[in-house]
Protein chains: 2
Amino acid sequence: MELQFLGTGAGTPAKQRNVTSIALKLLAERNEIWLFDVGEATQHQILYTTIRPRKIDKIFITHLHGDHIFGLPGLLSSRSNQGGNSALTIYGPRGIEDFVRSALRVSETRLSYPLSFVTVKPGLVFEDDTFSVFADELDHRIQSFGYRIVEKPHPGILLVDKLKEDNIPSGPVYAKLKAGETVKLADGRIVSGQDYVTPEQPGRIVAILGDTRKTQHALALAEHADVLVHESTFGRDEAKLAKQYYHSTNIQAATIAKQAQVKQLLLTHISARYLGKLVHELQTDAQMVFRNTKVVSDFDEINIPFQ
Amino acid sequence: MELQFLGTGAGTPAKQRNVTSIALKLLAERNEIWLFDVGEATQHQILYTTIRPRKIDKIFITHLHGDHIFGLPGLLSSRSNQGGNSALTIYGPRGIEDFVRSALRVSETRLSYPLSFVTVKPGLVFEDDTFSVFADELDHRIQSFGYRIVEKPHPGILLVDKLKEDNIPSGPVYAKLKAGETVKLADGRIVSGQDYVTPEQPGRIVAILGDTRKTQHALALAEHADVLVHESTFGRDEAKLAKQYYHSTNIQAATIAKQAQVKQLLLTHISARYLGKLVHELQTDAQMVFRNTKVVSDFDEINIPFQ
Ligand SMILES: [Zn+2]
Ligand SMILES: [Zn+2]
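Remember, it's a predicted structure, so these values are computed and weren't measured experimentally.

Caption draft 1: Structural view of the sheet that holds strand E16 (residues 301-303) of chain A. Residue and element names in this part refer to chain A. Spatial strand order, E6-E5-E4-E3-E2-E1-E16: seven strands in an open sheet with mixed pairing. In this open sheet, the two edge strands, each paired with only one partner strand, are strand E6 (115-119) and E16. The mean inter-strand angle of the sheet, taken between neighbouring strand axes irrespective of direction, is 20°. As paired strands, strand E3 (residues 32-38) and strand E4 (residues 56-60) are joined by four bridges and run parallel to one another. Looking at the pairing, Ile33 lines up with Ile56 of E4. Sheet strands touched by helix H4 (residues 72-81): E3, E4, strand E5 (88-92) and E6. Its angle to E4, the strand with the most contacts, is close to 170°. Strands in contact with helix H5 (residues 96-106) are E5 and E6; relative to E6, the strand with the most contacts, it is inclined by about 155°.

In structure tokens:
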């Protein structure tokens, strides 16, 4: 499980940073890649990574501002041209389907794969055996969502070699032991599954938030997350501007990270005004509030290890 | 008057070539820039040129395929963010307004300048004191236009110094001489405007064609043009494929250039299959038919001199 940042800029593309897109690489876990937002030229950025568009099978949109969605029609078209044929689902605010369908209709684009849409509402957005995704509304001028991606726990592994060593014969009893039960064997011994199963491995949690003012809704989304991705359009002394433009400062993001007790904070959606030393300051100022903070750059890849 | 190629690739963006956009720089002539097609990431390409988006006040769309229009919403938004406030007009096939308005509406983008649309039909598309633009339909799967941009002749300049030398007093007579008339002066002399006015300077002609099969309509659009910009999606031996996919070969483009007696042929819309030596071959093969042919690359700038 890795995050790769395809665009880390705010509002308008610049030479140093493209507009927003974030890839959650779940290749080991699901052989899939999920995208969060698709700013213009996301497909161009992907050309410089190992990501193959046909592996992208879910796209989550935080909000409908142009710098977060204008790359969608092109990416969807190229995924088709490049032989993608597996279904793709787009999750996002009401309106995203209109935008995409209008672009595909006008350009007479016929996709080689089934495309479907899910209109996001606060609560559970997606769930299967290995992952669930929750959403909640943030505080932007337009409806904006944060997503909490929760990996389900990996069950413990049955220690078959140890069972053989202890002369416990295979059979239905193995399933019971794996489920953690205590079992009486044919020879009269009483054995406990806990001695023959590795501990359950907790899943990882990633919180990816759309553009937002500081909001308490961020806390539940981010609670105990392994990684929190938060916007940081403004710097330390610009809380007033941040409020006025419905964005956050680095300090506000770090405060959320601290209160939610996350393990790592990644700051993105960086204004083009911040270059070189100023970016470093954005990071060090935030680190005064929450130590494990990093301002990410385009193409940064962040591994998310098990704890 | 210069052409600058912002994207010279076919269909899908590649590292070597972006999808189509062409800038006609009329800075000396009108202090304006006109764009022809706006593929995705055209605004990103512009970051690497001297073009300022607020100077772009006309955009001509050849056809509605995604690789020719998906960069429009982003470019229009950024032009607004960067302080553009002069009116902008988009000329293109029916459907372009739907696409743009839908993208701006869904993203809640409010532009800082008036935006208007002209639905193109064959014939005169635009005319003012210095330029006219004609369109005609080509032969693509979707409606596709070629544009013929005609600069009006620059009138001759009145040689005031020579008039003074010859003791011809200023007054209404100067206007008559400038218009080429023959005039009787107060002192009885008869003088001809032709002796006091430089020759009229013919305007330049640029033909920019959208994606197309070989078509006779290209001939009238390109007739005696200073520059013909023609697609060349396929190579010498691929006429069958070209027909099947509604595109042209380099040889077909060169044949049009020769028949239309243009001065220079620029080949664009180059497939990603053509790299290095193959691009050179695309050019040299076409040159066998029409000598003054060049396969253009992204960012190439072509000056169009007076004859
Ligand atoms: Zn944004
Ligand atoms: Zn094309």
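Caption draft 2: Fine view of the interface of chain A and chain B. Counting residues at the interface gives 35 residues for chain A and 35 residues for chain B. Taking both partners together, chain A and chain B bury about 2,700 Å²; carbon and sulfur atoms supply 60% of that area. Broken down residue by residue, the surface that chain A buries against chain B is led by A:Glu40, A:Phe70 and A:Val106, which jointly contribute 24%. Summed over the shared surface of chain A and chain B, the number is 11 residue pairs in polar contact (both at pLDDT 80 or more). Top contributing element to the side of chain A that touches chain B by residue count: H4(A), with six residues.

Caption draft 3: Layout of the coordination of the zinc ion (ligand 2). All names here are of chain B. For the zinc ion (ligand 2), the full set of protein donor atoms is Asp67 (OD), His68 (NE2), Asp211 (OD) and His269 (NE2), and the range of their distances to it is 2.1 to 2.4 Å. Each of the four donor atoms around the zinc ion (ligand 2) contributes to a set of angles spanning 86 to 170°, which defines the coordination as irregular. Expressed as a motif, the donor residue spacing for the zinc ion (ligand 2) is D-H-x142-D-x57-H. On the criterion of sequence distance, the pair formed by His68 in helix H3 (residues 66-69) and Asp211 in the loop between strand E12 (205-209) and helix H8 (217-222) is long-range, its members being 143 residues apart. For the pair formed by His68 and Asp211, the shared burial category is buried.

Caption draft 4: Seen up close, the environment of A:Ile304. Residues and elements named next belong to chain A. By secondary structure assignment, the location of Ile304 is in the segment after E16. Distance from Ile304 to Val227, taken between C-alpha atoms, is 7.6 Å for residues 77 residues apart in sequence. For Ile304, the contacting residues outside a window of four places in its chain are Met1, Leu3, Arg204, Val206, Asp226 and Val227.

Caption draft 5: Broad picture of the packing of aromatic side chains. Using the criterion set out here, one finds 22 aromatic pairs over all chains in the structure. Ring centres 5.8 Å apart and planes at 90° place the aromatic pair B:Trp34 and B:Phe126 in the edge-to-face group. Residue B:Trp34 is found in strand E3 (residues 32-38), and its partner B:Phe126 is found in strand E7 (residues 123-127); the two are separated by 92 residues along the sequence. For the pair B:Trp34 and B:Phe126, one class covers both residues: buried. Judged by centre distance (5.9 Å) and plane angle (40°), the ring pair of B:Phe70 and B:Phe99 falls under tilted. With B:Phe70 in the loop between H3 and helix H4 (72-81) and B:Phe99 in helix H5 (residues 96-106), this residue pair connects regions lying 29 residues apart in the sequence. Residue B:Phe70 shares its accessibility class with B:Phe99, and that shared class is buried. An aromatic cluster of at least three residues, connected via ring pairs, comprises A:Trp34, A:Phe36, A:Phe60, A:Tyr91, A:Phe126, A:Phe131, A:Phe145 and A:Tyr147.

Parameters and conventions
- Residues numbered from 1 in each chain as written.
- Chains lettered and ligands numbered in written order.
- Predicted model: local features only at pLDDT ≥ 70, side-chain atom pairs only at ≥ 80, totals over all residues.
- Heavy atoms only, no water.
- Pairing = 2+ DSSP bridges.
- Helix = DSSP H or I, 4+ residues; strand = E, 2+ residues; numbered from the N terminus.
- Axes fitted to C-alpha atoms, helices over the stretch in contact; angles between N-to-C directions.
- Contact = heavy atoms within 4.5 Å.
- Buried area = accessible area lost by both parts, 1.4 Å probe.
- Polar contact = N/O pair within 3.5 Å; in protein donor to acceptor, adjacent residues only side chain to side chain.
- Donors = N, O, S within 2.8 Å, 3.2 Å for Na, K, Ca; no water.
- Tetrahedral: all angles 85-135°; square planar, octahedral: opposite > 155°, others 65-115°.
- Buried < 20%, exposed > 50% of the residue type's maximum accessible area, 1.4 Å probe, protein only.
- Phe/Tyr/Trp six-rings, centres within 6.5 Å; stacked < 30°, edge-to-face > 60°.

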